[in-house]
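Listed below, chain by chain, are the residues.
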Amino acid sequence: AVQEQACLALCNITAGADAQRDARAQAAVDAGALPLVVAAMRAHPASAGVQQEACSALCNITAGAGAQGDARKQAAADAGALLLVVAAMRAHPASAAVQEQACRALCCITAGAGA
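Residues numbered from 1 in each chain as written. Predicted model: local features only at pLDDT ≥ 70, side-chain atom pairs only at ≥ 80, totals over all residues. Heavy atoms only, no water.

Q: Is there a simple way to explain helix 5 (residues 66-78) in this structure?
A: Residue pairs three or four apart in sequence face the same way in an α-helix, which turns once every 3.6 residues. Compared with an ideal rise of 1.5 Å per residue, which puts 13 residues at 18 Å, helix 5 spans 18 Å between its outermost C-alpha atoms and is within 8% of the ideal. Residues of helix 5 that are buried include every one of Gly 69, Arg 72, Lys 73 and Ala 76, and no others. Summarising the axial view, the buried residues of helix 5 lie within an arc of 95°, below the 170-degree limit, and thus occupy one face. Residues of helix 5 that are exposed and point more than 90 degrees away from the buried face comprise Ala 67 and Asp 78. The elements touched by buried residues of helix 5 are helix 2 (21-30), helix 3 (33-43), helix 4 (48-62), helix 6 (81-91) and helix 7 (96-110). (Helix = DSSP H or I, 4+ residues; strand = E, 2+ residues; numbered from the N terminus. Expected span 1.5 Å × (residues − 1). Buried < 20%, exposed > 50% of the residue type's maximum accessible area, 1.4 Å probe, protein only. Arc of directions from axis to C-beta. Contact = heavy atoms within 4.5 Å.)

Have a look at this one:
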C-alpha cells in the first residue's frame, strides 16, 4: 500500500540519534506529516502493515526532548494518534510487530518531564 510505504519513508527519514534527527522530525511535522499518518491509520485499520509503519513513524516523529519535542508530542495527541495507536493494538492482537511499534509509539508520544 502506498500509505504503508509513505509511513516507512517517514520513519526512515526521522530515525537516528544524530544531531539532525530532531530537525528532520520537526521538518516532517512542519510539512504536515502528522495528520497524514493519522489519516493513513484511519483509512486502513485492517492493514497490519500500515498500522505498524504508522506507529513506527509516530514514534520517531514524536521522539525528542525540549520545547519542540513536547510540541510534536502534543500535536500527535491532538491529531488523535493515541486513540488510533490503541485501536491498532486492538485490531491486530496477533501481530507482534504492530504490538511492538504501538508500544513504542505510546512511549514516545507520552514521554516527557511533565508537570
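Q: Would you mind showing me how to read helix 4 here?
A: The end-to-end C-alpha distance of helix 4 is 21 Å, a good match for the 21 Å that 15 residues give at a rise of 1.5 Å each. Counting buried positions over the 15 residues of helix 4 gives 13, a clear majority of the element. Note on helix 4: the residue one or two positions beyond its end, Gly 64, has a positive phi of about 125°.

Q: I would appreciate a short explanation of the side chain of Arg 72 in the present structure.
A: Within the secondary structure, Arg 72 sits in helix 5. Of the polar contacts made by the side chain of Arg 72, one reaches the backbone oxygen of Ala 63; its length is 2.9 Å. Among residues more than four places away in sequence, those in contact with Arg 72 are Arg 21, Asp 22, Ala 25, Gln 26, Val 29, Leu 34, Ile 61, Thr 62, Ala 63 and Gly 64. (Polar contact = N/O pair within 3.5 Å; in protein donor to acceptor, adjacent residues only side chain to side chain.)

Q: Would you mind going over the state of the cysteines with me for this structure?
A: Linking two cysteines covalently via their sulfur atoms produces the bond known as a disulfide. For the structure on display, the rule yields 1 disulfide. For Cys 59, the disulfide goes to Cys 108, at an S-S distance of 2.3 Å. One end of the pair, Cys 59, is in helix 4; the other, Cys 108, is in helix 7, with 49 residues separating them in the sequence. Owing to a relative accessible area of 13%, Cys 108 belongs among the buried residues under this scheme. With no disulfide of its own, Cys 11 lies closest to Cys 59 among cysteine sulfurs, the gap being 8.0 Å. For the unlinked cysteine Cys 55, the closest cysteine sulfur is that of Cys 7, found at 9.2 Å. (Disulfide = S-S within 2.5 Å.)

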